[in-house]
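Summary of the model geometry
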Amino acid sequence: MPQVLDQQSVQTRNLIGGDWVGAASGEEFDILDPATDEIIARVPRCGRSETRDAIDAAAKAFPEWSRTTAQERGKLLRRLYELMMRDQDRLAELMTREQGKPLAEAKGEVAYGASFLEWAADEGRRMYGETIPANFPDKRILVLRQPVGVTACITPWNFPIAMITRKLGPALACGNTMVVKPAEDTPLSAIAVAELAVEAGFPPGVFNIVTGNPKEIGEELFANPAVRKISFTGSTEVGKMLIKQSAQNVTRLSLELGGHAPFIVFDDADVDAAVKGAIASKYRNMGQTCICANRFYVQDGVYDAFASKLADEVNRMKVGRGLEDGVQVGPLINDAAVEKVEKHVADATSKGGRVRTGGERISVDGLADRFYAPTVIDDFTPEMLINTEETFGPVAPLRRFAKEEEAIAWANDSIYGLASYFYTRDASRIMRVAEALEYGIIGANDGGPSTAQAPFGGIKQSGYGREGGKYVMDEYTEIKYVSWQL
Ligand code: ADP
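Okay, so let's go over this structure. (Residues numbered from 1 in each chain as written. Predicted model: local features only at pLDDT ≥ 70, side-chain atom pairs only at ≥ 80, totals over all residues. Heavy atoms only, no water.)

**Some thoughts on the overall build of the protein**
Going by this rule: A run of DSSP states H or I qualifies as a helix once it reaches four residues; a run of E qualifies as a strand once it reaches two. Both are numbered from the N-terminal end. The atom set for the radius of gyration is the C-alpha atoms, and the globule formula is 2.2 Å times the number of residues raised to the power 0.38. Here's how the labels work: a residue is buried when its accessible area is under 20% of the maximum for its type, exposed when over 50%, partly exposed in between, all with a 1.4 Å probe on protein chains only. Residues are treated as being in contact if the distance between any of their heavy atoms lies within 4.5 Å.
What the protein contains, in helices and strands, is 15 helices and 24 strands. Here the protein has a C-alpha radius of gyration of 23 Å; the compact-globule value for 486 residues is 23 Å, and the two agree. Once the C-alpha set of the protein is aligned to its principal axes, its extents read approximately 70 × 65 × 40 Å. Residue burial in the protein is summarised as follows: out of 486 residues, 56% are buried. Taking contacts inside the protein between residues at least 6 apart in sequence as the whole, the part at least 24 apart equals 74%.

Okay, here's the thing in C-alpha cells:
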C-alpha cells in the first residue's frame, strides 16, 4: 500500500527528553486513514523500556521546571497555543486523515484543544495557597500548593488533540512534567503537538510522548514510583483495570470514562432548538464522543414534531470523506465500531424499534466500507442494548414519556453519569431537573456544553476527577500543610 504522508514532512517518532526517537527494537505500527484504508504513516511501537526512559527524562526535567515562575510557564503555554492556531489547517488535515472526522470539526477541535493551553497559561498564576488562623498565639498555619511531580496521561482516539491538551495544559502550568501516551489509532496529531511544543521552547523532558503497546506502556507508568499522577480518558472497562493497577504505588488517578447521555425534550421546549442541540450532541464526530446523546426521551405533546424535524435534518446530512467540502458525517474509526452500531440497530429492530431514517451502512464511491447512515429509531425500550450500552455511533433512539418524574427516572437508570441534556422553557423546571439528574455535566437547552473554563467529568462509573476551569488545578497539585511554631 502507498505511503501517503511524506515521512520527511510529518514527524512520526517519539519525543523523549527532547530527542526524537524510535522504538529500541526498531518496530513500528501502521496508521490507517479510516476513510480509505491507506497506510498514511508508521510510528514507533514502544514498550516498557522507552516508557521508563520517558519517565526518567520527565523526572530529570522536573526540579528545574517546577522552580520556574507561573508567568514563565504561562508564556510557553501561550506560545504553544499560538503555534497550534497558526498551524490550525495543517493539524486539522492530519487529524481528519488519521481519525476520519469532517475537516470543519477537526479545525474546531484544534481551536478547542488549543484553548485549554490558553486557559491553563493564565490559570497557573492562580495556584493560591492559604493561611488559616491557628489555635495558639505562637503558631501559624500555612497551606501550600505544589506540583505533584512526574505526571502521565493516556488518551483516546475520538479527540486526538483536545484530550491531551486538557491534561497537558494544567499539568505543565502547575509545574509538573508529563509523559503522554496517545491512542494507537491517532498518534500523528499528538506527535504534531509535541513538535510544536519543541518549537515553542519547552525544555527537554517537560513534555514527552510515547506511542506503542498500551498494556506495556501502562504497566510501566503504574509500576514506576516516579510517576505521581495519571490522567486517563477512555473506556470504563480499561479505566477499571487502571484503578487496580494504581494500587501498586497508590498513584493518583483522574478518570474520564464512558457515558450514556440521556437527552430529554419536554412539551414546553423550543422544538427547533432541541433538534439543533440533538444534531450537535448526537452526530458530532459521527456519534463517537463520550458526551454524545445516546437515549432520547421526548414528551407526548412534542414527540411527533421533534421526531420528524430531527429525521428531516438527519436526512440532509452529507456523508463522505472528512476532507471533502460540506461533509458532516465521516467514517467510523474502525470495523469494530461499525459492527457495534450494526449490532445495536439490529437488536433494537428485533425488539420492536422502528427505523425512521438510516439504519444501515452507506457505501461511498471507492472508499472503505466504514460509513454508517445517520439514524433515527422510534420506540426504543429498556430491553434493548442501546438502552444500556454506549453505541458510539450516529444513532438516535427515541422514546415517548408522559411525566417529568418518569423521564428523570429513566435518565438516571444507568451505571454512567457523565453528560445529560434537557430542553424546556420553564425556568423552575430547569433548576429542578438539573438538580435531579445524576450527571456531572448538564446541558440545559444546550447541546454543546464543553469548554475550557468549566469543570468536565462524571459520576458513578463515568469516573472521577474534573478537567477544565479552576477545578483541574486540584488534579495537578498537592496540598501541603505547614504548622509553624514561632
Ligand atoms: P476506546 O474505547 O476509546 O478505544 P480504550 O479505553 O480502549 O477506549 O482506549 C483509551 C486509551 O487507553 C488508549 O490510549 C488505549 O491505548 C489505552 N489503553 C487500552 N488498554 C490499555 C491498558 N491495558 N493499559 C493502559 N492503557 C490502555
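The discussion continues.
**Quick word on the site of the ligand**
The line we're drawing: Proximity is defined per residue: if any heavy atom of the residue lies within 4 Å of a molecule or strand, that residue is considered near it. Identification of polar contacts relies on pairs of N or O atoms within 3.5 Å, with a donor-acceptor requirement for protein atoms, meaning one able to donate a hydrogen and the other able to accept it, and with residues adjacent in sequence counted only if both atoms are side-chain atoms. Residues are grouped as follows: Ala, Val, Leu, Ile, Met, Phe, Trp, Tyr, Cys and Pro are nonpolar; Asp, Glu, Lys and Arg are charged; all remaining types, including Gly, are polar.
Surveying the vicinity of the ligand reveals 18 residues, the closest of which are Thr155, Trp157, Lys181, Glu184 and Ser235. Measuring from an oxygen atom of the ligand, one finds a side-chain N or O atom of Lys181 at 2.9 Å. Here Pro214 contributes a backbone N or O atom positioned 3.4 Å from a nitrogen atom of the ligand. If you list the elements that add at least two residues to the shell around the ligand, you get helix 7 (214–223), strand 10 (227–233) and helix 8 (236–245). Grouping the constituent residues of the shell around the ligand by class yields ten nonpolar, five polar and three charged.

**Observations concerning the pattern of salt bridges**
Counted only if it meets this: Salt bridge, as used here, is a side-chain nitrogen of Lys or Arg placed within 4 Å of a carboxyl oxygen of Asp or Glu.
Under the defined criterion, the tally for this structure stands at 41 salt bridges. Ionic pairing is found between Arg400 and Asp304, a salt bridge with its closest N-O pair at 3.1 Å. With a gap of 96 residues between them, Arg400 in strand 18 (residues 395–401) and Asp304 in helix 10 (residues 300–315) connect regions that are remote in the sequence. The class for Asp304 is partly exposed, based on a relative accessible area of 48%.

**What to know about the sheet that holds strand 21 (residues 441–444)**
In plain terms, the rule: When DSSP locates at least two bridges between a pair of strands, those strands are taken to pair. Only the stretch in contact is used when a helix axis is fitted, and all axes are lines through C-alpha atoms; the angle between N-to-C directions ranges over 0 to 180 degrees.
Spatially, the seven strands line up as an open sheet ordered 14-17-18-13-12-20-21, and their pairing is mixed. Two strands in the sheet have a free side with no partner beyond their single neighbour: strand 14 (354–357) and strand 21. The mean angle between the axes of side-by-side strands here comes to 25°, regardless of whether they run parallel or antiparallel. In this structure, strand 17 (residues 375–378) lies alongside strand 18, joined through three bridges in parallel fashion. By the bridge assignment for strand 18, Ile377 is matched with Pro397.

**Concerning the sheet that holds strand 5 (residues 130–132)**
With antiparallel pairing, three strands are arranged side by side in an open sheet as 5-6-24. Across the chains shown, the open sheet's two edge strands, defined by having one partner strand only, are strand 5 and strand 24 (477–485). Strand-to-strand, the axes of this sheet are offset by a mean angle of 25°, without reference to chain direction. Here strand 5 runs beside strand 6 (residues 139–147); their pairing, made up of three bridges, is antiparallel. Across the sheet, Ile132 pairs through a bridge with Ile141, a residue of strand 6.

**Overview of the packing of helix 13 (residues 404–412) against helix 14 (residues 427–436)**
The relative placement of two packed helices comes down to the angle between their axes together with the axis-to-axis distance. Rules: Should an angle fall under 35 degrees it is called roughly parallel, over 145 degrees roughly antiparallel, and 65 to 115 degrees roughly perpendicular, with every other angle called oblique. With the far helix as reference, a near helix turned anticlockwise by less than a right angle produces a left-handed crossing, and one turned clockwise produces a right-handed crossing.
Running from N to C, helix 13 and helix 14 point in directions that differ by 30°, and their axes come no closer than 10 Å. When the axis of helix 13 is compared with that of helix 14, the two are roughly parallel. Seen from above, helix 13 lies across helix 14 with right-handed handedness. Counting all contacts with helix 13, which are made through Glu404, Ile408 and Asn412, the residues of helix 14 involved are Arg429, Arg432, Val433 and Ala436. Looking at the contact of helix 13 with helix 14 residue by residue, the classes come out as three nonpolar, one polar and three charged.

**Observations concerning helix 13**
Where helix 13 is concerned, the buried positions are Glu404, Ala407, Ile408, Trp410, Ala411 and Asn412. Taken together, the buried residues of helix 13 touch strand 12 (261–265), strand 13 (293–299), strand 18, helix 14 and strand 22 (459–460).

**Structural notes on the packing of aromatic side chains**
For clarity, the cut-off: Any Phe, Tyr or Trp ring, taking Trp's six-membered ring, that has another such ring centre within 6.5 Å forms a pair; planes under 30 degrees apart are called stacked, those over 60 apart edge-to-face, and the others tilted.
By the definition in use, this model includes eleven aromatic pairs. Taking 5.3 Å as the distance between ring centres and 20° as the angle between the ring planes, the aromatic pair formed by Phe263 and Tyr423 counts as stacked. Of the two residues, Phe263 sits in strand 12 while Tyr423 sits in strand 20 (residues 419–423), which places them 160 residues apart along the sequence. For the pair Phe263 and Tyr423, a shared accessibility class is recorded, and that class is buried. Three or more aromatic residues joined by ring pairs form one cluster here, namely Phe263, Phe296, Phe306, Tyr421 and Tyr423.

**Structural notes on the environment of Pro182**
Note that Pro182 resides in the loop between strand 8 (177–181) and helix 6 (187–200). Taking relative accessible area as the criterion, Pro182 reaches 2% and is therefore assigned buried. When the C-alpha atoms of Pro182 and Pro156 are compared, they prove to be 6.6 Å apart, with 26 residues separating the residues in sequence. For Pro182, the contacting residues outside a window of four places in its chain are Thr155, Ile164, Pro187, Ala190, Ile209, Val210 and Thr211.

**Description of the nonpolar core**
Counted only if it meets this: Residues belong to one nonpolar core when they are buried, are Ala, Val, Leu, Ile, Met, Phe, Trp, Tyr or Cys, and are joined through side-chain atoms within 4.5 Å.
Counting 65 residues, the largest nonpolar core has Phe263, Ile264, Val265, Phe296, Phe306, Leu310 and Leu398 as the members making the most contacts within it. Ignoring sequence-local partners within four residues, the contact set of Phe296 consists of Phe263, Ala278, Lys282, Phe306, Phe380, Ala396, Pro397, Leu398 and Arg399.

**Here we look at the packing of helix 3 (residues 88–99) against helix 4 (residues 103–123)**
For the pair helix 3 and helix 4, interaxial distance at closest approach is 8 Å and the crossing angle is 120°. Taken together, the axis directions place helix 3 and helix 4 in an arrangement best described as oblique. Taken as a pair, helix 3 and helix 4 cross one another with a handedness that is right-handed. Of helix 4, the residues touching helix 3 (which contributes Gln88, Asp89, Leu91, Ala92, Glu93, Met95 and Thr96) are Leu103, Ala106, Lys107, Glu109, Val110 and Ala111. Grouping the constituent residues of the contact of helix 3 with helix 4 by class yields seven nonpolar, two polar and four charged.

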